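Observations on the three-dimensional arrangement
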Amino acid sequence: MNQKMKAVQVPKPGSDFEIVERDIPQPGPGHVRIRVQACGICHSDVITKKGLFPGITYPRVPGHEVVGVIDELGADVKEWKKGGRVGVGWHGGYDSTCLACRRGDFVNCANGKICGISYDGGYQEYMIAPVEALAQMPESLDMAEAAAPLMCAGVTTFNALRHSRALPSDLVAIQGIGGLGHLGVPAIGRGPGNALAKKLGADLYIGRVATDAAAELQKLGGASVILTTAPSGKAMSALVGGLGANGTLVVVGASADPVEAPPNQLLSGRKGIQGWAGGIPTDSEDTLRFAEMTGVRPMIEKYPLARAAEGYARMMSGKAEFRVVLTMEQTK
Ligand SMILES: [Zn+2]
Ligand SMILES: [Zn+2]
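Here's what I pulled together on the structure shown here. These figures come from a predicted structure and were not determined experimentally. Per chain, the residues get numbers from 1 upward, laid out in the order the sequence is written. Chains carry letters from A onward and ligands carry numbers from 1 onward, assigned in written order. Residue-level local features of this predicted model are given only where pLDDT is at least 70; pairs of side-chain atoms are given and counted only at 80 or more, and the full residue set underlies all totals for whole chains, interfaces and linings.

A short note on the overall build of the chain
Under the scheme used here, helices are H or I runs from DSSP no shorter than 4 residues and strands are E runs no shorter than 2 residues, and both carry numbers assigned from the N terminus. In terms of regular secondary structure, the chain is built from 10 helices and 17 strands. Taken over C-alpha atoms, the radius of gyration comes to 20 Å for the chain, in line with the 20 Å a tight globule of 332 residues would show. A principal-axis box enclosing the C-alpha atoms of the chain has dimensions of 65 × 40 × 40 Å. Here the C-beta atoms are placed from the backbone, and a residue counts as buried if at least 20 other C-beta atoms lie within 10 Å of its own, exposed if 12 or fewer do, and partly exposed otherwise. In the chain, buried positions account for 47% of the 332 residues. Of the contacts formed within the chain by residues at least 6 apart in sequence, a portion of 67% connects residues at least 24 apart. The globule rule is 2.2 Å times the number of residues to the power 0.38, and the radius of gyration it is compared with is taken over C-alpha atoms. We call two residues in contact whenever the C-beta atoms placed from their backbones are within 7 Å.

Dropping the structure here:
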């Protein structure tokens, strides 16, 4: 085997990506090495790019929508096999010992790891991952590059919706037809996206620029769930008025600006605002199985690893339809 590989790293917070040659890493105990086939570019990669996470060290390879094949096992790893197809998402590991973990609530581990932040992620040809971060990838999802976005965007929308109170026939609105929202349609978007939203399976599209989306949702009886995917607290705040009785604004788009709601608006009708962050690897496996069963697939734009900077810029432009995915030349 060629002992060198290509990696795309952020050398220090805020600097440009650089393509470097590194030694192919060896997995330690409790870890496997993955030959990466594809890695989605997520808006949250901005956290690695700009150094927005406390304690992050550099250089760091971003990427938390990784799919590939296990090609080496750590000495004590028995439950995973070489050649197994796996994915790694945002949730990159837990300690099994903190209070949340002892309660089985691994996603809220006090010492949880994040792929591409706590350790090097998928913008590289090979990566090392702890076994507790691995999700099994069904054989039938043969487009590794199509499965990659399901590891973050997919599990986030799917898991948030399936744990919401919405039942079939309830009014569910999705704000933002982007990397996340297009996987969860019905839709509220900024532009004239009607045809696209319908194509994706929406019953109705509300263009927020032209209409008061909250009022439109009230005309329909008020939403049980509004899943807000576009990273804007301001846009989310404008939708609280669209909730019906017992409705919940489920926040999945990551943003630093506040979501604001008048307390009276929440009290009347017992409405809520709830955050939801992805899931653990078994949630990803459920997401993949759901995609397999239903035929839901992300819409993607592919870039080779060497053009990661261009792909990242495309993602940041908000113009990609919809998920930008890096593919590895070594798999061709
Ligand atoms: Zn993500
Ligand atoms: Zn823990």
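Now that the structure has been shown, we can carry on.
Side note on helix α4 (residues 153-162)
Across the 10 residues that make up α4, a large majority, 8, are buried. In the core, the buried residues of α4 are packed alongside β3 (31-41), β13 (223-228), β14 (243-251), α9 (281-294) and β17 (323-327).

Brief notes about the nonpolar core
By our criterion, buried Ala, Val, Leu, Ile, Met, Phe, Trp, Tyr and Cys residues that link up through C-beta atoms within 7 Å make up a nonpolar core. Ranked by internal contacts, the top residues of the largest apolar core, which has 54 residues, are I34, V66, A148 and L326. Of the residues forming this core, the biggest block, 6 residues, is contributed by β3. Leaving out residues up to four positions away in the same chain, I34 has contacts with V66, G68, V69, I70, V86, Y126, M127 and A129. By size, the runner-up hydrophobic cluster in this structure holds 24 residues, among which are I206, A213, A230 and V250.

Quick notes on the pairing of strand β5 (residues 85-88)
The criterion for strand pairing is that DSSP finds at least two bridges linking the strands in question. Sheet analysis places strand β4 (residues 66-73) next to β5, joined by 4 bridges and oriented antiparallel. Directly across from G68, in β5, lies its bridge partner V86. With 2 bridges joining them, β5 and strand β9 (residues 135-136) adopt antiparallel strand pairing. Each residue of the ladder has a partner; that of V86, found in β9, is Q136.

Some details on the packing of α4 against α9
Simply put, an axis is a line fit to the C-alpha atoms, just over the touching stretch for a helix, and the angle between two N-to-C directions goes from 0 to 180 degrees. α9 packs onto α4 with a crossing angle of 90° between their chain directions and a minimal axis gap of 9 Å. Judged by the inter-axis angle, α4 sits roughly perpendicular to α9. Note on element contacts: α9 touches α4 through D283, S284, T287, F290 and A291, opposite G154, V155, F158 and N159. Orientation is classified from the angle alone, with under 35 degrees giving roughly parallel, over 145 giving roughly antiparallel, 65 to 115 giving roughly perpendicular, and any other angle giving oblique.

Some details on unusual backbone geometry
The step from Y58 to P59 runs through a cis peptide bond, and the omega angle for that step is -5°. The topology assignment puts P59 in the loop between α1 (45-50) and β4. Residue F322 is bonded to the preceding E321 through a cis peptide linkage, with omega at -15°. Of note, the phi angle at S96 is positive, near 65°, even though the residue is not glycine. Within the secondary structure, S96 is located in the loop between β6 (91-93) and α2 (99-102). Taking the C-beta count within 10 Å as the criterion, S96 has 11 such neighbours and is therefore assigned exposed. Even without glycine at this site, N246 takes up a positive phi of about 65°.

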